[in-house]
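# Understanding the architecture of this molecule
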Amino acid sequence: ARIFQEESHTFSEYLLIPNLTTQACQSQNVSLRTAITRYRKGQREQALSINIPLVSAIMQAVSNHTLAIALAKEGGLSFIYGSQSAESEAEMVRLVKSYKAGIVSSDSNLRENNTLEDAVKLKNNTGHSTIAITSDGTNSGKLLGLLTSRDYRLSRTAMNTEVKDLMTPISRLVTAKEGVSLTEANDIIWEHKLNQLPIINEKGNLVGLVFRKDYDSHKDHPNEILDRRKRLLVGAGINTRDYKERVPLLVQAGVDVLCIDSSDGFSEWQYETISWIKHNYPNIPVGAGNVVDVDGFNYLADAGADFIKVGIGGGSICITRETKGIGCGQATAVYNVARARDAYYEKNGVYIPICSDGGIVHDYHMTLALAMGADFIMLGRYFARFDESPTKRMVVGGKYVKEYWGEGSNRARNWQRYDEGNNKGGMLFEEGVDSYVPYAGSLALNVNNSLAKMKATMCSVGSLTIPELQAKARLVRVSATSIVEGGAHDVILKNSQSVDL
Ligand code: MZP
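Residues numbered from 1 in each chain as written. Predicted model: local features only at pLDDT ≥ 70, side-chain atom pairs only at ≥ 80, totals over all residues.

This part is about the pairing of strand β11 (residues 196-200). Consecutive side chains along a regular strand alternate between the two faces of the sheet. Within β11, four of the five residues are buried, leaving the element largely enclosed by the surrounding structure. Note that strand β10 (residues 176-177) and β11 share two bridges and pair parallel. When the sheet's bridge partners are listed, Lys177 is paired in β11 with Ile200. (Buried ≥ 20, exposed ≤ 12 C-beta atoms within 10 Å, placed from the backbone. Helix = DSSP H or I, 4+ residues; strand = E, 2+ residues; numbered from the N terminus. Pairing = 2+ DSSP bridges.)

Structure follows, in structure tokens:
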């Protein structure tokens, strides 16, 4: 045996030391765009990139089509869970790819006399954030109103109330005629302080919606045609057992990127799977993992992986370290693998992004993971808390919670993720738990809050991009007592009842 002299550590044991904040270092100037697939030196633009460095975990309790749509709209990416039939996974991919941002499609209409319960069902089934209420339930019917995510949240308690009593009467106030330019749409949006502007045709029928956000993201191209359709990005998890049947269906459904999902990815099974995909689908990027050290990284890099996932045993629901005694503190794993990636780039001129997977507890851990070298971050617990995740919202002990279970738990029984290759199709023991997480509301609200903190930290570290952060970050290990000092301490918090004297 060989015992590594260095201890392994996790994110909570580090802090960033501020660098000079120049006047240009302001949150609005920070770009969180990051490449997630391999590229050759000088060809970074050819890599697949996402606008925010967050991807959602390949888990039943996290990444279905509704969460994937919500996250892609914020600029991130979901990997649809693979522990379901290939057909239903492909169907989820298809739903994300057919989602039309900024357009109310005919599968998200309700008739005037539908109930809110109908609206809830429709939203859950389609993942749409806006539902149109039309006179006949089709796109060509008269637009009577729009039910947005926000309206739905506000009115969630009134399940039996008629939709028409609750919807925002946006259409009654302002509409624009088909053919309006983006610049004109923008003027109307700003003049009337709207978040969305329905576009109607000559007959008065709804033909589309322009969101303030669409306009914002297109503002560099004012001449772009309005009814323009953006397709959201989506990834999918696969395993090393049925990939020959699963991958073709996912590709047919329009998947943008694949990821082999395994708790221990340093294996010949992954090598074979990557080789098969590269041979049969050379244009579909495929990530691999998970690994925690230089050897694991180099093996998968040589196999052709387009990105490599880092992390064993750090997941909130994970008991792999307790059951199998394998793993490594997440911060040390990310740092060491990032050094391996840099060395690989230096030697071969090929940059292979790494993804820090699991163990993010506080928002600042995300920034630490990036600072230590991660190109993007995969999160499970974080996303499971939101409206858009596939699990039930419940009240437990007087608190709103959502369910969250590991892929290695008896509930998920994702044996392909934990199997050593004997292919018996069963699990001998659990490596994950079934749990609750505190319910936190909408994905968009929470993600934007987390990203605001990330950008503020990056400004403190004098960095406007993720590569700059990685290059400039200076970190310090903190003692257990320094961690206590970092929270509120030696004061009485105002959360108990008080009496004025
Ligand atoms: P977290 O964000 O909840 O801390 O961790 C999510 C990650 O935990 C997933 O992306 C996956 O790598 C890992 N995971 C999923 N299921 C299990 C398990 O049952 C697990 N042990 O470790």
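Near the ligand you find 23 residues, and of these Gly315, Cys318, Gly380, Gly406 and Gly432 are the closest. At the level of secondary structure, the elements contributing two or more residues to the shell around the ligand comprise β19 (376-379) and α15 (381-384). Among the residues making up the shell around the ligand, the classes are represented as eight nonpolar, eleven polar and four charged. (Near = placed C-beta within 6 Å. Nonpolar A, V, L, I, M, F, W, Y, C, P; charged D, E, K, R; others polar.)

As a further point, take the sheet that holds strand β22 (residues 434-438). Reading across from one edge, β20-β21-β22 is the order of the three strands in this open sheet, with antiparallel pairing throughout. Both edges of this open sheet fall to β20 (393-396) and β22, since each of them pairs with a single strand only. Here the average twist between neighbouring strands, direction ignored, is 50°. Where β20 lies against strand β21 (residues 399-405), four bridges are found, and the strand directions are antiparallel. Residue pairing across strands places Val396 opposite Lys399, the latter belonging to β21. (Axes fitted to C-alpha atoms, helices over the stretch in contact; angles between N-to-C directions.)

A few words on helix α11 (residues 294-303). Here α11 has its buried residues at Gly296, Phe297, Leu300 and Ala301. Along the axis of α11, the buried residues cluster in a sector spanning 130°; they form a single face. Counted as exposed and oriented over 90 degrees from the buried face of α11: Asp295 and Asp302. Elements that come into contact with the buried residues of α11 comprise α10 (268-280), β15 (286-291), β16 (307-310) and α13 (330-348). (Arc of directions from axis to C-beta. Contact = placed C-beta atoms within 7 Å.)

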